[in-house]
Amino acid sequence: MTKEILSQFDRTIDAGEIDKFAAMAEEWWDEDGKFKPLHRLNPVRITFLRDHIAAHFSRDPVDIAPLSGLNVLDIGCGGGLIAEPLTRLGANVTGLDASERNIEVARLHANKMGLEIEYKAAAASDLVRCGCKFDVVVNLEVIEHVADVDEFMKDCTSLIKPNGLMILATLNRTAQSYALAIIGAEYLLRWLPRGTHNWRKFIRPSELAGLCRKNALDLAKLCGFRYNPFTSSWSLEERDVAVNYIAVIKR
Amino acid sequence: MSNIADISADILIVGGGIVGATLGITLSRAGLKVTLADRLAREADTAKNYDGRASAIANGSVNILKGIGVWPDLEANASPIWDIRVADGHPLRGISPLFLHYDHSDVGKSPFGYIIENRSIREALRAVASDCKTLKLVQSANVVSVQRGPFGVIAETESGIRLSASLLIAADGRGSQIRNEAGIKTRTKMYDQKSIVCNIRHERDHAGTAVELFLPGGPFAMLPMTEHRCNVVWTERIDLVDHYMALPEDRFLKELSQRFGGWLGKIDLVSQRHVYPLGMLHAERYTSQRLALVGDAAHAIHPIAGQGLNLGLRDVAALAELIVDTARVGGDVGSNNVLARYERWRRFDNFVLIAVTDSLNRLFSNDIGPLRLSRDMGLALVDKLPLVKKFLMRHAMGQVGKLPRLVRGDAL
């Protein structure tokens, strides 16, 4: 999300910047702050991730560490809002973000929380070059930001181990998503900085299905998210994929 | 840097009493790593004379104890309450004819709850706790310093053990040092009453009947126990307590008999006499950064309704549910979000019981003629209003409000 905007200001990190990162980490992790909508969405997303990963690898989802021993790659990890919970659930997580700043923030926070997470300021293609493979690739709200969707999907595919899993979330290109994600979230509610999203780059489920076919992936499940403004909470909505949706993709 | 004496866990509970141990077992059953620090030495709190009290365990609390697998160890020592009789009385004039009668068949087939000696509860909890793999019991652990920060908490014991966790839970009783050092203020009131507590053995069967007589000095309760015994909670004016405590046994028994009436036949004293001061306490907040208060550390009430421990166990069930639900989505169990939800969930229920027990005691612990008459009529009136009576019973049984899963009898 914000990573593209932040990456414009990226430069090499020096020690004097650490305080700034600490302040940014606080912002990322403040449950009532700037990223409040993400914090609200998080339990719903993690529940979905946990249940589908656990089912795929025959684990009990309410076990205290249902993902233990699984290698998980979190592409576009931001401040670590997904990487940290997955680590607590037992996974060995590698967090990837294009922004050096985000990575520094995420590292700082994980360190303070006493969590071991491998953070890298890199792109998916960098990992492909080193031949890394993961049991699970987590790809949340990233694909609508990348320059070359075909190339990106190819890279992601080659990062999944055979019989592995990818969980991908993005935004549908519909009138509703324009109204809610652009006008609502960026202009009216100011949840996100203006220009965070480019509606034209949103991906229709049919287009995602096409990308999966091209890479010999099995699009096993699609599910929507619905926001209830009265309770300011999110819920999974099996049939409504008009705005935010999430997909289980098997290799 | 870490050394051998460091113990790190998800949750650190200070206070290994009934509430603290139940919470520790509950969280550990769900797989969380728990350190339970108790200032007492091993077995000190299950010694015969450590605690003479028995507790009324409401059905909701029974569900919690069943849910965490403690009940099988307790059942043999639990005496069901099938009948509750509440009456206005006077030691010399006898029992007022107008009285309130609760029969369990008014609300269902199960008993109202059970009377269990605190010592038996502690023993059962201790036995189960020693089987919990992710629960570490640290005894003789006097916590001397606590550092709470945005990312976690570290406590240090007198003997130099450092205990770290994501969340600190204070279950260290009404005088909670953890609460006081966190600067959480309390609203308190000491009653000018004390409770004399003892066990008696009696000739006839109590048939599971709990009796509470409202005497001028305070409520006098006879709680049915196993083996033809009753636990007596005799609440009396503070200036008379020393006198009764100092009486030789035969004269003490005579005083008891006068209050008991003859319905149980001949009675014998089968325990020490214990005295407990009575006070009401409510913490202004139940939470602070990386800290939650449970049980008596958060609230203490008059024993008039036998609800103190039940409130504490409801705290346990609510907090455990929030923590476990958070842990299951990989969340930070000590986050402000968890703490704020706990505070919201528990404050109202606790407040209601504090207010109700305080006013009941004020209404009944006196000998003012008109008040006597009106409360007698009030009791009789409640007896004639089935809906009001049912609500009061269900509340006393822990079945009112949004209930935690464990209280409802569901899995955590």
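Our subject is the structure listed above.
Here is a short report on the structure shown in this document. (Residues numbered from 1 in each chain as written. Chains lettered and ligands numbered in written order. Predicted model: local features only at pLDDT ≥ 70, side-chain atom pairs only at ≥ 80, totals over all residues. Heavy atoms only, no water.)

**Thoughts on the overall build of chain A**
Counting its regular elements, chain A contains nine helices and eight strands. The C-alpha atoms of chain A give a radius of gyration of 17 Å, which matches the 18 Å a tight globule of 251 residues would have. Taken over the C-alpha atoms alone, chain A extends approximately 50 × 40 × 35 Å along its principal axes. Considering chain A as a whole, with its 251 residues, one finds that 52% of them fall into the buried category. Within chain A, contacts between residues separated by at least 24 positions form 68% of all contacts whose residues are at least 6 apart in sequence. For chain A, the accessible surface area stands at approximately 11,300 Å², while carbon and sulfur atoms represent 52% of it. Both charge centroids of chain A, one from 31 positive and one from 34 negative side chains, sit 5 Å from each other. (Helix = DSSP H or I, 4+ residues; strand = E, 2+ residues; numbered from the N terminus. Rg over C-alpha atoms; globule rule 2.2 N^0.38 Å. Buried < 20%, exposed > 50% of the residue type's maximum accessible area, 1.4 Å probe, protein only. Contact = heavy atoms within 4.5 Å. Areas by Shrake-Rupley, 256 points an atom, 1.4 Å probe, with all protein chains shown as cover. Lys, Arg positive; Asp, Glu negative; His and termini not counted. Charge placed at Lys NZ, Arg CZ, Asp CG, Glu CD.)

**Description of unusual backbone geometry**
Residue and element names in this part refer to chain A. The phi torsion at Asn-163 lies on the positive side, around 65 degrees, for a residue other than glycine. Position of Asn-163 among the secondary structure elements: in strand 5 (residues 160-171). Phi is positive for Ala-216, close to 55 degrees, though the residue is something other than glycine. Note that Ala-216 resides in the loop between helix 9 (205-214) and strand 6 (218-228).

**Some thoughts on the nonpolar core**
Counting 78 residues, the largest nonpolar core has B:Ile11, B:Leu23, B:Ile25, B:Leu27, B:Val70, B:Ile169 and B:Ile323 as its most contacted members. When residues of this core are assigned to their parent elements, the largest contribution, eleven residues, is made by helix 8 (residues 308-328) of chain B. When residues no more than four places from it in sequence are discounted, the contact partners of B:Ile25 are B:Ile68, B:Val70, B:Leu125, B:Val128, B:Ala129, B:Cys132 and B:Leu135. Within the second largest apolar cluster, 36 residues are counted, among which are A:Leu70, A:Leu86, A:Ile167 and A:Trp234. (Core = buried A, V, L, I, M, F, W, Y, C linked by side-chain atoms within 4.5 Å.)

**Digging into the interface of chain A and chain B**
Contacts between the two partners involve 14 residues from chain A, matched on the other side by 14 residues from chain B. Both faces considered, chain A and chain B share a buried interface measuring about 1,100 Å² in area, 61% of it formed by carbon and sulfur atoms. Broken down residue by residue, the surface that chain A buries against chain B is led by A:Glu31, A:Ile64 and A:Met113, which jointly contribute 42%. Connecting chain A to chain B are zero salt bridges. Our count for the chain A to chain B interface comes out at four residue pairs in polar contact (both at pLDDT 80 or more). If you list the elements that add at least two residues to the side of chain A that touches chain B, you get helix 3 (36-56), helix 4 (83-88) and helix 5 (100-113) of chain A. In terms of residues, the side of chain A that touches chain B owes the most to one element, helix 3 of chain A, which gives four residues. (Buried area = accessible area lost by both parts, 1.4 Å probe. Salt bridge = Lys/Arg side-chain N within 4 Å of Asp/Glu carboxyl O. Polar contact = N/O pair within 3.5 Å; in protein donor to acceptor, adjacent residues only side chain to side chain.)

**Remarks on the pattern of salt bridges**
Residue and element names in this part refer to chain B. By the definition in use, this model includes 27 salt bridges over all chains. Its salt-bridge partner being Arg-314, residue Asp-349 comes within 2.8 Å of it at the nearest N-O pair. On the criterion of sequence distance, the pair formed by Asp-349 in helix 9 (residues 336-364) and Arg-314 in helix 8 is long-range, its members being 35 residues apart. The exposure classification of Asp-349 matches that of Arg-314, with both residues buried. Linked by salt bridges that have partners in common, Arg-314, Asp-315, Arg-346 and Asp-349 make up one network.

**Things to note about the sheet that holds strand 1 (residues 6-8) of chain B**
Strand pairing in a sheet is mediated by backbone hydrogen bonds. Such pairs are either parallel or antiparallel. All names here are of chain B. Spatial strand order, 1-12-11-10: four strands in an open sheet with mixed pairing. The open sheet has two edge strands with one neighbour each: strand 1 and strand 10 (143-148). Adjacent strand axes in the sheet meet at a mean angle of 15 degrees when their direction is disregarded. When strand 11 (residues 153-157) meets strand 12 (residues 162-165), the two strands line up antiparallel, connected through four bridges. Among the inter-strand pairings, Val-153 is bridged to a residue of strand 12, identified as Ala-165. (Pairing = 2+ DSSP bridges. Axes fitted to C-alpha atoms, helices over the stretch in contact; angles between N-to-C directions.)

**Describing a nonpolar patch on the surface**
A surface patch of nonpolar side chains, about 510 Å² in accessible area, is lined by A:Tyr178, A:Ile183, A:Tyr187, A:Leu188 and A:Leu189. With respect to the helices and strands, the residue A:Tyr178 is situated in helix 8 (residues 175-188). (Patch = residues over 30% accessible without salt bridge, like charges linked within 9 Å, V, L, I, M, F, W, Y side chains within 5 Å.)

**Some words on helix 9 of chain A**
Residue and element names in this part refer to chain A. Listed in full, the buried residues belonging to helix 9 are Pro-205, Leu-208, Gly-210, Leu-211 and Cys-212. Buried positions along helix 9 lie against helix 7 (149-159), strand 5, strand 6 and strand 8 (244-250). Within two residues after helix 9, Ala-216 carries a phi angle of roughly 55 degrees, on the positive side.

**Side note on the packing of aromatic side chains**
All names here are of chain B. Under the criterion given, the structure shown has seven aromatic pairs over all chains. Ring centres of Tyr-286 and Tyr-342 lie 6.3 Å apart, and the angle between their planes is 50 degrees; on these two criteria the pair is classed as tilted. Of this pair, Tyr-286 sits in the loop between strand 19 (274-283) and strand 20 (287-288) while Tyr-342 is found in helix 9, placing the two residues 56 residues apart along the sequence. Accessibility classification places Tyr-286 together with Tyr-342 in one group, the buried group. One aromatic cluster is present, formed by Phe-220, Trp-234, Tyr-244 and Phe-252 through successive ring pairs. The cationic tip of Arg-53 hangs over the ring face of Tyr-276; the distance from NZ or CZ to the ring centre is 4.5 Å. (Phe/Tyr/Trp six-rings, centres within 6.5 Å; stacked < 30°, edge-to-face > 60°. Lys NZ or Arg CZ within 6 Å of the ring centre and 35° of its normal.)

**Concerning the packing of helix 1 (residues 18-29) of chain B against helix 4 (residues 118-129) of chain B**
Residues and elements named next belong to chain B. Where helix 1 contacts helix 4, the two axes come as close as 10 Å, and the packing angle between them is 30 degrees. As far as their axial angle goes, helix 4 and helix 1 are roughly parallel. Crossing angle aside, the handedness with which helix 1 passes helix 4 is left-handed. Of the residues in helix 4, those in contact with Ile-18, Ala-21, Thr-22, Ile-25 and Arg-29 of helix 1 are Asn-118, Ile-121, Arg-122, Leu-125, Val-128 and Ala-129. Partitioned by chemical class, the residues of the contact of helix 1 with helix 4 number seven nonpolar, two polar and two charged. (Parallel < 35°, antiparallel > 145°, perpendicular 65-115°, else oblique. Left-handed = near helix turned anticlockwise from the far one by under 90°. Nonpolar A, V, L, I, M, F, W, Y, C, P; charged D, E, K, R; others polar.)

**Quick look at the sheet that holds strand 4 (residues 54-58) of chain B**
All names here are of chain B. Pairing is antiparallel in the open sheet, where three strands are placed in the order 4-8-5. With partners counted over all chains shown, the strands left at the sheet margins are strand 4 and strand 5 (79-81), one partner each. Across the sheet, the axes of successive neighbouring strands diverge by a mean angle of 30 degrees, strand direction being ignored. Summarising the sheet, strand 5 and strand 8 (residues 113-117) pair through three bridges and their orientation is antiparallel. Across the sheet, the residue bridging to Pro-80 is Tyr-114, located in strand 8. Where helix 2 (residues 59-67) meets the sheet, it contacts strand 4 and strand 8, and its direction lies at approximately 90 degrees from that of strand 4.

**Observations regarding the side chain of B:Glu117**
Residue and element names in this part refer to chain B. Looking at the element boundaries, Glu-117 is found in strand 8. Using a relative accessible area of 16% as the deciding quantity, one classes Glu-117 as buried. At 3.1 Å, the side chain of Glu-117 forms a polar contact with the side chain of Arg-229. If near-sequence neighbours (up to four positions away) are discounted, Glu-117 is found in contact with Arg-53, Ala-54, Asn-199, Met-225 and Arg-229.

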